[in-house]
Amino acid sequence: MRKRRTSLAASLLSLTLSASALAQEPAASSPVESVYPTSRTEYINNDPANGWNLDWQWRFSADAVYLRRNNRSNDIPVIDGPETFRFADFDFDAQYGTRLSLGIMEDDYEFEVSFLSLKDWGDSRNGVLTHGLNFDGSAAFGAAVPLAQTAVDPGLDPNFLTSGTYFSPLNSAVNAASETDALDFLQPGAAFQTQYKADFQDIEANYKQRSQPGRWLRWGLGFRNVKVREDGFAAMSGTFGSVDADGVGAPSTAGLPSAALTGAGLTFGTGVNDGFIAGDTLLFSSQTQTENRLNGMQAIAEFQFLESDYFDLGGFGKAGVYYNSATGSISEQYVGSGSNSSIYTRSLSDEKSAVSFLGHAGVTGRLHVRRNIRIVAGYEGVYLAGLALAPDQVQTSTTPVTGAASLDLRTDGTMFIHGGRLGLEILFP
């Protein structure tokens, strides 16, 4: 009888403990799970039941960029003839730069500022001309007597300066009425030097939706400031010659007088104001500089193609129309040294307001080294339209025979920049 009572008491106690256990709430997670979450969503979302609830965070990133650009300049040749060359033939090598970015993120949006700078981005060439360089143009050379043609170039195939090349004031000067009985030129062996370089600076301030798991498309707006500075330089140096063109007597002047040079739009600077004398060493140079300052708003779209606990892959597109405050200048110098030293110059400048377009797109991959450290790699391209490119300006300042030259700044140039980047991204706290 006592054994039956003991068995009944044990059964009642077991039933009571089971009911008590069923009445308790289940544990949210184990201590191990709270320290090491099993998925990216668990450690980003504090409370999934109430939607995305992300903490405030700062993000800093530093990228090394390696970018190339095309050369779409629509310029005139530096010289004409068998050894012609122009700035459009130049190639821009890839240039290293640095992009720094700082952002602050709240639960649904983020604000970021980024800065990119590339310096001395360009190409240069130099060499020696095997043919003579005639200032009169092909028509005047063809009308000259054979003896004069041979003096300019023994091979009878010289290079030319014309109204449609660089250094057009020399062509205008030798085609003045008092100079038509002579051929003026640089003898074979003249040296040339050219350089085309650019600086690029890009500043962005963007407000956009924050990256979150499952958010495959994000939108935003931003302000962008872009500066593009360009510098085109060309120089020629050689021994100056002047010969009789028609074979009737001697040319009226043994060179280029000051009146012909100033009549072509040049200004006497320093030295002896007697022009250029045959046998002098001539050095003439042209430097064209432009600066584009773009300011405007851009629309932003960012995409998430793939995401995991350790890696994510996405893309972005940005586009905007910008106000471009463009300036440009051309500075030329003509120096004769020998029996006397004479320096003549010409300076032209202009500024213009233009509407420019910028489009920017790329892909970006992030490797999650730790919860708050990522290695970032990507490829991107930037297209700009409505720019004042340095080589494009010289053709708007070519010198007519009257010498009345001015600069009408061209702002129809385009530029395409593309390349890769590799950097480090840090989130804190």
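These numbers were taken from a predicted model, which means no experiment stands behind them. (Residues numbered from 1 in each chain as written. Predicted model: local features only at pLDDT ≥ 70, side-chain atom pairs only at ≥ 80, totals over all residues. Heavy atoms only, no water.)

As enumerated under the stated definition, the model contains one cavity of 30 Å³ or more in all. Considered as a void within the structure, the largest cavity measures approximately 60 Å³ in volume. Surrounding the largest cavity, L67, R99, L116, F200, D202, R224, H360, E380, G381, V382, I417 and H418 form its lining. Those elements that provide at least two residues to the lining of the largest cavity are strand 7 (191-209), strand 15 (373-387) and strand 16 (413-428). Ranked by the residues each element gives to the lining of the largest cavity, the list is headed by strand 15, at three residues. (1 Å grid on protein atoms, 1.4 Å probe; cavity = no way out; pocket = protein on both sides within 12 Å on 5 of 7 lines; lining within 4 Å. Points joined across faces, edges and corners; volume = space filled by probe spheres on them. Helix = DSSP H or I, 4+ residues; strand = E, 2+ residues; numbered from the N terminus.)

Let us look at the pairing of strand 2 (residues 95-105). Bridge count between strand 1 (residues 57-69) and strand 2: eleven bridges; the pairing is antiparallel. Bridging from a neighbouring strand, R59 pairs with G103 of strand 2. Inspection of the sheet shows strand 2 paired to strand 3 (residues 109-128) by eight bridges, in the antiparallel sense. The residue bridging L102 from the neighbouring strand is V113, located in strand 3. Here strand 2 folds back onto strand 3 in antiparallel fashion, the turn holding three residues. (Pairing = 2+ DSSP bridges.)

Within the element layout of this structure, S286 appears in strand 12 (residues 281-307). Look at S286 and you get buried, because its relative accessible area is 1%. Sequence-wise, S286 and T345 are 59 residues apart; in three dimensions their C-alpha atoms are separated by 9.8 Å. Residues within four places of S286 in sequence aside, it is in contact with Y166, F167, G232, F233, A234, I330, S331 and E332. (Buried < 20%, exposed > 50% of the residue type's maximum accessible area, 1.4 Å probe, protein only. Contact = heavy atoms within 4.5 Å.)

Turning our eyes to something else, we now look at the pattern of salt bridges. Applying the stated criterion across every chain, the model contains 23 salt bridges. Of the charged contacts in the structure, one is a salt bridge between D108 and R215, with a shortest N-O distance of 2.6 Å. Taken as a pair, D108 in the loop between strand 2 and strand 3 and R215 in the loop between strand 7 and strand 8 (217-244) lie far apart in primary sequence, 107 residues in all. With relative accessibility at 22%, the residue D108 sits in the partly exposed group. Take R215: its relative accessible area is 15%, and that puts it in the buried class. One salt bridge connects K197 with D120, and the closest N-O pair in it is separated by 3.8 Å. One end of the pair, K197, is in strand 7; the other, D120, is in strand 3, with 77 residues separating them in the sequence. Salt bridges linked by common partners bring R59, E110, E112, K208, R218, E302, R366, R374 and E425 together as one network. (Salt bridge = Lys/Arg side-chain N within 4 Å of Asp/Glu carboxyl O.)

On to the packing of aromatic side chains, then. For the structure shown, the criterion picks out 18 aromatic pairs. A centroid spacing of 5.0 Å and a plane angle of 75° characterise the contact between F92 and Y196, whose relative ring orientation is edge-to-face. Here F92 is found in the loop between strand 1 and strand 2, whereas its partner Y196 is found in strand 7, with 104 residues between them in sequence. Taken together through their ring pairs, the aromatic side chains of F87, F90, F92, F135, Y166, F167, Y196, F240, F284 and Y334 make up a single cluster. Over the aromatic face of F92 sits the side chain of R69, whose NZ or CZ is 4.0 Å from the ring centroid. (Phe/Tyr/Trp six-rings, centres within 6.5 Å; stacked < 30°, edge-to-face > 60°. Lys NZ or Arg CZ within 6 Å of the ring centre and 35° of its normal.)

With that out of the way, let us pick up the nonpolar core. In terms of nonpolar packing, the biggest core is built from 54 residues, with F135, L256, F284 and L384 touching the most fellow members. Discounting chain neighbours no more than four positions away, the residues touching F284 are L133, F135, L161, F167, L170, L186, A234, A235, M236, Q333 and Y334. Membership of the second largest hydrophobic core comes to nine residues, among which are F141, A144, A148 and F160. (Core = buried A, V, L, I, M, F, W, Y, C linked by side-chain atoms within 4.5 Å.)

This part covers the environment of H131. Within the secondary structure, H131 is located in the loop between strand 3 and strand 4 (133-134). Considering only alpha carbons, one finds H131 and P82, 49 residues apart in sequence, at a separation of 8.1 Å. In contact with H131, other than residues within four places in its own chain, are P82, E83, D153, D157, P158, N159 and P188. At a separation of 3.3 Å, a polar atom in the side chain of H131 contacts the side chain of D153. (Polar contact = N/O pair within 3.5 Å; in protein donor to acceptor, adjacent residues only side chain to side chain.)

Quick look at unusual backbone geometry now. For the bond from F428 to P429, the omega torsion is 0°, close enough to zero to count as cis. For P429, the location among the structural elements is in the segment after strand 16. Even without a glycine there, the phi angle at D120 is positive, about 50°.

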